[in-house]
Amino acid sequence: EKKEKENYVTEKRTSVVLENLGQTIISDLGSLESQQDFRTPEFEEFNGKSDSLFFNDGQRRIDFVLVYEDESRKETNKKGTNEKQRRKRQAYESNLICHGLQLEATRSVSDDKLVFVKVHAPWEVLCTYAEIMHIKLPLKPNDLKNRSSAFGTLNWFTKVLSVDESIIKPEQEFFTAPFEKNRMNDFYIVDRDSFFNPATRSRIVYFILSRVKYQVINNVSKFGINRLVNSGIYKAAFPLHDCKFRRQSEDPSCPNERYLLYREWAHPRSIYKKQPLDLIRKYYGEKIGIYFAWLGYYTQMLLLAAVVGVACFLYGYLNQDNCTWSKEVCHSDIGGKIIMCPQCDKHCPFWKLNITCESSKKLCIFDSFGTLIFAVFMGVWVTLFLEFWKRRQAELEYEWDTVELQQEEQARPEYEARCTHVVINEITQEEERIPFTAWGKCLRITLCASAVLFWILLIIASVIGIIVYRLSVFIVFSTQLKNLNGTDPIQKYLTPQTATSITASIISFIIIMILNTIYERVAIMITNFELPRTQTDYENSLTMKMFLFQFVNYYSSCFYIAFFKGKFVGYPGDPVYWLGKYRNEECDPGGCLLELTTQLTIIMGGKAIWNNIQEVLLPWIMNLIGRFHRVSGSEKITPRWEQDYHLQPMGKLGLFYEYLEMIIQFGFVTLFVASFPLAPLLALVNNILEIRVDAWKLTTQFRRLVPEKAQDIGAWQPIMQGIAILAVVTNAMIIAFTSDMIPRLVYYWSFSVPPYGNHTSYTMDGYINNTLSIFKVADFKNKSKGNPYSEQGNHTTCRYRDFRYPPGHPQEYKHNIYYWHVIAAKLAFIIVMEHLIYSVKFFISYAIPDVSKRTKSKIQREKYLTQKLLRENHLKDMTKNMGVIAERMIEAVDNNLRPKLE
């Protein structure tokens, strides 16, 4: 049956394609441009209805608009190029007419050079292509899909948060089935004008526009509106908004969906309300609807994570005065008398430990027992979020009729155009065309993988450059900020480590944004060269490339600070050098956790600000400039299609970037949350604004998108699952290796009391002195001795952050027993934490099915009732036909027997 449908589609297309598209123009139709009178009386009468969505006759609905610039009225007229473009456009429009579409052209009110071609799909065309595209349409009203309302005492609260149903009325639900013309009587057709809603009409017309040819050269077909727009033959192609967003349409038949979306969704006063997902889906299509459903659900789940994160932050903040090791750092008789070794060879002075007093106080807030609890909680939270989202996604699939969507997807026009190689299909044993051979496919995959690897290596090179910057500039800051008494207000808060960290984070963020902008175009070029078959394959391929790049781009600096900085530094007498020249960075005496927190704050905050500038200010400014450049004056006489043309185009990958932005944020919230418990709170605030900003942008600043079907969020789901698995490891390693929690616990339980300690009870007193090793100044190598330290005084020893035996010990400068206890405890902690969280994750995943039993029952029952309905209708038709046949047979027998009886 599927093969027969494909043959039918092929025959249908073949029957309407012209033999010589570039040369033939149908004689009875003539040239569309030569026939149109752009200043007809109908247009003058129509001109006052700025929100009209119909042709000049007021009957045929505008399903799509094409815009081009009239070559004859251009100031610089290149005859050869303009003539080629005009011929291609004429051939294309003639073939649109041959496919059954109806066109009407009119000139712009504000610019005589612009011509708007309005496209209308008649009933027959809609029915034909609805069957080709397997579009599901209503059979009969369905009472199974009634949403369950809130119950109990929460009714009033839910009503406040929900959209007012008297304003946005719930959509009537139907049993649906893929449309078939020969079974048209089975479908619920009350009115032909409303049977196909505007979104479905636009989808069908765009399907035709994407597949109509305009030129054939050397047996290679060129077709599709996207190519024509990219080559400049058309300036734009888009469906229309149904009205202005600030007020309702004057047409009483207009549903005013754009106005309702702006009022109840995009307006700031609706920021606390739930999203009208059904109306979003109806107006923009399932693909946009599923994105906002996912973003809304993610934001709801962030509320719980934000509450727990704030609680852990407050716990650390309120208990920072009880932080014993921070008190020792700030104490004038302890931290004020501990002289630390220089952190570089030539220009760095000796320094007192108490200059890190302020940073140690801040570190107590984040490096607390609450951080451990929060890391374990987030490991469970992310699993709950993913599992419950799968259930919610299954509900939306049922409610939006996308359960069997994968069977409907067609090949991309770009793929079909390149199908020149003929092969024998192993299943049908018939000839079929493919774009390239197996060898050619392997070659393309190799080239694409090489290009992706090259750009990832380029990012790693930029990270190395940032590391070299950190190593170099640390010397400068150490020279400029070498006041040792800690009384200078600047030095009190701005240590060399802090200054280096902040400046390096800012530079890293700028490099990230630059590389991100460049790689976006490169990734699209690579994916276009790869030539995926369907749009889903295309988006999934691009998603994996972009995320892989963004993962390295955004997270590499965080991984460096968390797991590499300060881990391979040696000791003052034998330091480790980077590239043989730069001495490796060291962490503060309390570890690198505070620096990781600073890095996350700058990147998350900077990224949010940058994205809002791109998403809000740029479209608004571009539209403002466009309005100033119009010559027409009053907007009241500007027709709907011209108003929409002056809005900004969203682009086919606009939604892709919205997903990417949120997934990168999801990575920051989960991968490094052990270092920054406030990350979920920042993400929550950002997402609440993001939903309304995206809504405002779509409804007011951008042209209406072509509605597209989508069953789920695509490749982003497995990406989030991969991040969730990796997050358990990263957070366990941050607590073990980046924070100072494990060494403190080892000291408290093992080294504060005999046999290793001198205290009679478990305590944190003496922790700082115990964790700072001693180095003899006379043991500095010649490389350091050649640069005397003016601030050295009469000190013969200095301290450094490590667990090594002191000078004079038989194993001097070797790792001591404390070091091995700490390493064993860190490894044990990682193993226990990972296995504990993974076990909980596995249990949750097993206990929570992806599709709820109720939803599964609804899907099965609706499928059963739909089949029963179709079968009953079929039996009725058969019974009716058999009755007619029986009557005719009786009549024939009667006519034959009557003469004989007489």
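Remember, it's a predicted structure, so these values are computed and weren't measured experimentally. (Residues numbered from 1 in each chain as written. Predicted model: local features only at pLDDT ≥ 70, side-chain atom pairs only at ≥ 80, totals over all residues. Heavy atoms only, no water.)

A word on the overall build of the protein. Helix and strand counts for the protein come out as 30 helices and 18 strands. Relative to its full complement of 902 residues, the protein shows a buried share of 51%. Within the protein, residue pairs in contact and separated by at least 24 positions form 77% of the contacts whose partners lie at least 6 positions apart. For the protein, the accessible area works out to roughly 44100 Å², and carbon and sulfur atoms hold 58% of it. (Helix = DSSP H or I, 4+ residues; strand = E, 2+ residues; numbered from the N terminus. Buried < 20%, exposed > 50% of the residue type's maximum accessible area, 1.4 Å probe, protein only. Contact = heavy atoms within 4.5 Å. Areas by Shrake-Rupley, 256 points an atom, 1.4 Å probe, with all protein chains shown as cover.)

Core analysis: the biggest nonpolar cluster contains 148 residues, and Trp294, Phe385 and Phe668 have the highest contact counts within it. The biggest single contributor to this core is helix α12 (residues 286–318), with 15 residues. With sequence-adjacent residues up to four places away left out, Phe385 is seen in contact with Trp294, Tyr297, Tyr298, Met301, Phe666 and Met720. By size, the runner-up hydrophobic cluster in this structure holds 45 residues, among which are Leu103, Val115, Val125 and Phe175. (Core = buried A, V, L, I, M, F, W, Y, C linked by side-chain atoms within 4.5 Å.)

Another point: the packing of helix α20 (residues 535–563) against helix α23 (residues 654–671). The N-to-C vectors of α20 and α23 enclose an angle of 40°; their axes lie 11 Å apart at closest approach. When the axis of α20 is compared with that of α23, the two are oblique. As for the relative orientation of α20 and α23, their crossing is right-handed in sense. Between α20, through Leu542, Thr543, Met546, Phe547, Gln550, Phe551, Tyr554, Tyr555 and Cys558, and α23, the contact on the second element is made entirely by Phe656, Leu660, Ile663, Ile664, Gly667, Phe668 and Leu671. Taken together, the residues of the contact of α20 with α23 sort by class into 13 nonpolar, 3 polar and no charged. (Axes fitted to C-alpha atoms, helices over the stretch in contact; angles between N-to-C directions. Parallel < 35°, antiparallel > 145°, perpendicular 65-115°, else oblique. Left-handed = near helix turned anticlockwise from the far one by under 90°. Nonpolar A, V, L, I, M, F, W, Y, C, P; charged D, E, K, R; others polar.)

Backbone torsion omega between Pro754 and Pro755 reads 15°, so that peptide bond is classified as cis. With respect to the helices, strands and loops of the structure, Pro755 is situated in the loop between α26 (741–751) and α27 (767–771). Despite not being glycine, Leu531 shows a phi value in the positive range, around 60°. Relative to the assigned elements, Leu531 resides in the loop between α19 (496–530) and α20. You can call Leu531 buried: its relative accessible area is 8%.

In the contact formed by α23 and helix α24 (residues 679–701), the axes pass within 10 Å of each other and the chain directions differ by 170°. The orientation of α23 relative to α24 falls into the category roughly antiparallel. Contact residues: α23 offers Glu658, Glu661, Met662, Gln665 and Val669, while α24 offers Ala679, Pro680, Ala683, Asn686, Asn687, Glu690, Asp694 and Lys697. Split by residue class, the contact of α23 with α24 holds 5 nonpolar, 3 polar and 5 charged.

Let's shift gears to helix α8 (residues 198–209). The end-to-end C-alpha distance of α8 is 16 Å, a good match for the 16 Å that 12 residues give at a rise of 1.5 Å each. By the criterion of burial, α8 is predominantly enclosed, with 11 of the 12 residues buried. (Expected span 1.5 Å × (residues − 1).)

On the surface, Ile609, Ile613, Leu617, Leu618, Trp620, Ile621, Met622 and Ile625 cluster together into a nonpolar patch covering about 700 Å² of accessible area. The topology assignment puts Ile625 in helix α21 (residues 593–629). According to the relative accessible area criterion, Ile625 is partly exposed, its value standing at 40%. (Patch = residues over 30% accessible without salt bridge, like charges linked within 9 Å, V, L, I, M, F, W, Y side chains within 5 Å. Salt bridge = Lys/Arg side-chain N within 4 Å of Asp/Glu carboxyl O.)

As a further point, take the sheet that holds strand β2 (residues 102–107). One open sheet holds the 4 strands; their spatial order is β2-β3-β1-β8, and the pairing between them is antiparallel. For this open sheet the edge positions go to β2 and β8 (236–238), each flanked by a neighbour on one side alone. Taking each pair of neighbouring strands and ignoring which way they run, the sheet shows an average axis angle of 20°. Pairing of strand β1 (residues 64–69) with strand β3 (residues 114–120) involves 6 bridges; the strand directions are antiparallel. (Pairing = 2+ DSSP bridges.)

This part takes up the state of the cysteines. Summed over the entire model, instances satisfying the criterion amount to 3 disulfides. Note that Cys323 is cross-linked by a disulfide to Cys364, the S-S spacing being 2.3 Å. Measuring the twist about the S-S bond at about -70°, one finds the Cys323-Cys364 disulfide to be left-handed. Taken together, the residues span a long stretch of sequence, with Cys323 in the loop between α12 and α13 (324–330) and Cys364 in helix α14 (residues 357–366) at a distance of 41 residues. The residues Cys323 and Cys364 share a single accessibility class, namely buried. In this model Cys341 forms its disulfide with Cys798; the gap between the sulfur atoms is 1.8 Å. The sign of the S-S torsion, about 90°, decides the handedness of the disulfide formed by Cys341 and Cys798: right-handed. One end of the pair, Cys341, is in the loop between β9 (339–340) and β10 (351–352); the other, Cys798, is in strand β18 (residues 797–801), with 457 residues separating them in the sequence. Take Cys341 and Cys798: they sit in the same class, and that class is buried. (Disulfide = S-S within 2.5 Å.)

The next point concerns the packing of aromatic side chains. Summed over all chains, the structure comprises 57 aromatic pairs. Centre to centre, the rings of Tyr297 and Trp389 are 6.0 Å apart; their planes meet at 45°, and the pair counts as tilted. Of this pair, Tyr297 sits in helix α12 while Trp389 sits in helix α15 (residues 369–399), placing them 92 residues apart in sequence. When its relative accessible area of 0% is taken as the criterion, Trp389 is described as buried. Pairing Tyr659 with Trp716 gives two aromatic rings, centres 5.8 Å apart and planes at 20°, and the pair type is stacked. Of this pair, Tyr659 sits in helix α23 while Trp716 is found in helix α25 (residues 716–738), placing the two residues 57 residues apart along the sequence. Given the relative accessible area of 4%, Trp716 is considered buried. Residue placement shows Arg444 over the ring face of Phe529; its charged tip is 4.6 Å from the ring centre. (Phe/Tyr/Trp six-rings, centres within 6.5 Å; stacked < 30°, edge-to-face > 60°. Lys NZ or Arg CZ within 6 Å of the ring centre and 35° of its normal.)

Quick look at the pairing of β1 now. Among the 6 residues of β1, 5 are classified as buried, and the element is accordingly described as predominantly covered. Of the pairings in the sheet, the one linking β1 to β8 comprises 3 bridges and is antiparallel in character. Within the sheet, the bridge partner assigned to Val65 lies in β8 and is Phe238.

So, about the side chain of Asp694. Mapped onto the elements of the fold, Asp694 is located in helix α24. What makes Asp694 buried here is its relative accessible area of 2%. Those residues in contact with Asp694 that lie beyond four places of it in its chain are Tyr291, Phe292, Leu295, Glu615 and Glu658.

A few words on the pattern of salt bridges. One pass over the full model with this rule turns up 28 salt bridges. In this structure, the salt-bridge partner of Lys118 is Glu104, at a minimum N-O distance of 2.9 Å. One end of the pair, Lys118, is in strand β3; the other, Glu104, is in strand β2, with 14 residues separating them in the sequence. Comparing Lys118 with Glu104, the two get one shared label, buried. Close ionic contact of Lys390 with Glu387 constitutes a salt bridge, the shortest N to O distance being 3.6 Å. Taken together, the positions of Lys390 and Glu387, both in helix α15 and 3 residues apart, correspond to about one turn of that helix. Judged by its relative accessible area of 18%, Lys390 falls in the buried class. A network of salt bridges, in which partner residues are shared, links Glu83, Arg86 and Arg87.

Before going further, it helps to spend a moment on the environment of Gln102. Tracing the chain through its elements places Gln102 in strand β2. Residue classification places Gln102 among the partly exposed residues on the basis of a relative accessible area of 27%.

As a further point, take the environment of Asp164. Along the polypeptide, Asp164 turns up in the loop between α6 (155–161) and β5 (174–178). Residue class for Asp164 comes out partly exposed when judged on its relative accessible area of 36%. On a C-alpha basis, the gap between Asp164 and Pro276 in space is 9.6 Å, while along the polypeptide they are 112 residues apart.

In this section: the confidence of the model for the protein. Across the protein, the average pLDDT comes to 80, with 83% of residues at or above 70. Low pLDDT, under 50, characterises residues 148–153; the stretch is placed with 3 contacts to residues that sit more than four places away or in other chains. Per-residue pLDDT stays below 50 along residues 631–636; that stretch engages in 12 contacts with residues further than four places along the chain or on separate chains. (pLDDT = per-residue confidence, 0-100.)

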